[in-house]
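Residue strings, one per chain:
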Amino acid sequence: MTALTREQCLLLDQQDPLRALRDQFALPDGVIYLDGNSLGARPRAAAARAAEVVSEEWGTGLIRSWNTAGWFELPQRLGNMVAPLVGAGENEVVVTDTTSINLFKVLAAAVRVQAARDPSRKVIVSEASNFPTDLYIAQGLADLLQQGYSLHLVNSPDEIEAAVGADTAVLMLTHVNYKSGEMLDMAALTELAHARGALTVWDLCHSAGAVPVALNASKADYAIGCTYKYLNGGPGSPAFVWVAPALRDAFWQPLSGWWGHAAPFAMDPQYRPVDGVRRFLCGTQPITSMAMVECGLDVFAQTDMSALRTKSLQLTDLFIALVEERCRHHPLTLVTPREHARRGSQVSFEHPQGYAVMQALIERGVIGDYREPRIIRFGFTPLYTSFTEVWDAVETLRDVLDTETYRDARFHARGAVT
Ligand SMILES: *Cc1c(COP(=O)(O)O)cnc(C)c1O
């Protein structure tokens with residue numbers, strides 16, 4: 001698809017079957033938001049829902065709301081809304097804790113399953129370019145376990161095959177890379193891992209709500225992911241965790257808190273995990289934040305991942321084509337794969353002054369973000385991003401580069417969060 005005039009982009013917007021969904025998001029005027037892969041936009045419904053949770057459920061219902069407002073069941077109810085977006089079944093997913101914490105739980109569970117099958121498997125294989133928290137959590141678990149556990153990192157997806165062997169306990173991968181936007185072949189890599197006796201852990205932070213995911217069909221073993229990125233759950237909203245049904249009864253995790261107990265209010269001194277997905281929980285959940293997750297998931301219930309994927313690829317194709325055409329005299333290098341099967345819902349370019357270029361764009365209302373080294377990152381959220389916005393964002397980028405506004409000193413000062 002090439003739409004090389006703004007008029008053609010307007011026409012694409014008029015024909016867009018997902019167009020109406022944008023009205024369900026409260027986006028500020030004058031902003032083109034291309035950072036839904038870092039923090040999703042606010043669903044309009046979230047403001048009223050937050051007021052209801054705080055004033056009525058908490059304010060009036062008080063402790064009664066654990067039963068009367070469905071608070072206790074919320075992790076499972078939301079898990080069942082996430083399930084169809086990631087190819088999981090009913091009662092296989094819960095929303096709880098953070099991605100980092102859930103990763104610790106599933107890695108610990110996977111390592112324990114392997115220790116029972118073949119204690120010589122003590123290596124967790126991952127990519128050096130994986131999101132740092134994933135690597136830190138794996139390092140932390142290996143340090144805690146001692147007894148020779150270690151993390152082995154490869155430098156590119158091509159090296160995974162050679163790295164998975166007789167000593168591999170777990171292949172821990174992020175499905176869509178946060179920096180490059182590269183998507184891995186979940187089914188093929190899971191098959192490879194299984195053929196060599198390893199289990200797989202998939203991080204879906206940049207996949208859930210962004211690309212179709214088929215956990216069960218890919219025969220994956222464990223998965224975790226965020227709700228505050230493409231799922232629009234709100235800043236720091238709780239994450240989700242999935243365990244393959246065949247491994248659920250063997251699921252054991254060291255964060256054995258009372259919410260995973262078979263009878264939490266029996267106040268039994270002995271931990272005894274409940275049957276089913278509640279055993280992935282640890283302790284009391286952040287209900288006010290968790291309640292917002294439902295507002296984001298409600299929007300997904302009005303469409304499906306295949307319609308979203310079609311538009312996502314159209315948006316990213318258009319953005320790549322326009323940048324390469326209209327900014328061709330500038331030193332921008334595409335980092336994201338061109339091949340659809342290997343691309344998530346973001347586009348990253350490298351520019352020698354990437355940080356300053358992004359700050360100048362943000363001042364002009366085009367919000368993406370920056371990742372070391374030199375990478376400017378643009379997330380495309382088919383629920384609310386229009387084709388005309390893609391056009392306008394590229395025109396702003398072209399202007400920032402042509403006029404060299406990014407050279408101004410104020411664009412070089414660093415904030416705590418980039
Ligand atoms: C965003 C992201 C995380 C974040 O983890 P938190 O525990 O929510 O801070 C983890 N892994 C990946 C791959 C991510 O993209």
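Residues numbered from 1 in each chain as written. Predicted model: local features only at pLDDT ≥ 70, side-chain atom pairs only at ≥ 80, totals over all residues. Heavy atoms only, no water.

Participant: Could you give an account of the packing of aromatic side chains, naming the residues involved and the relevant values?
Facilitator: One pass over the structure, following the stated rule, counts eleven aromatic pairs. Ring geometry for W66 versus W71: centroids 5.1 Å apart, planes at 90°, classification edge-to-face. Look at Y355 and Y370: their rings are 5.3 Å apart centre to centre, the planes differ by 90°, and that puts the pair in the edge-to-face class. Residue Y355 is located in helix α12 (residues 354-363), and its partner Y370 is located in strand β14 (residues 369-371); the two are separated by 15 residues in the primary sequence. Residue classification places Y355 among the buried positions, given a relative accessible area of 6%. The class for Y370 is buried, based on a relative accessible area of 4%. Taken together, the ring pairs in this structure connect W66, W71, F72 and W259 into an aromatic cluster. The ring of F131 has K229 lying over it, and the distance from NZ or CZ to the ring centre is 5.2 Å. Above the plane of the ring of Y355 lies R414, whose end atom (NZ or CZ) is 4.0 Å from the centre. (Phe/Tyr/Trp six-rings, centres within 6.5 Å; stacked < 30°, edge-to-face > 60°. Helix = DSSP H or I, 4+ residues; strand = E, 2+ residues; numbered from the N terminus. Buried < 20%, exposed > 50% of the residue type's maximum accessible area, 1.4 Å probe, protein only. Lys NZ or Arg CZ within 6 Å of the ring centre and 35° of its normal.)

Participant: Tell me what's going on with the site of the ligand, and back it up with residues and numbers.
Facilitator: Around the ligand sit 13 residues, and of these S100, D134, D203, Y228 and K229 come closest. At a separation of 2.6 Å, an oxygen atom of the ligand approaches a polar side-chain atom of S100. A distance of 2.9 Å separates an oxygen atom of the ligand from a polar atom in the side chain of H206. Looking at the shell around the ligand residue by residue, the class counts come to four nonpolar, six polar and three charged. (Near = heavy atom within 4 Å. Polar contact = N/O pair within 3.5 Å; in protein donor to acceptor, adjacent residues only side chain to side chain. Nonpolar A, V, L, I, M, F, W, Y, C, P; charged D, E, K, R; others polar.)

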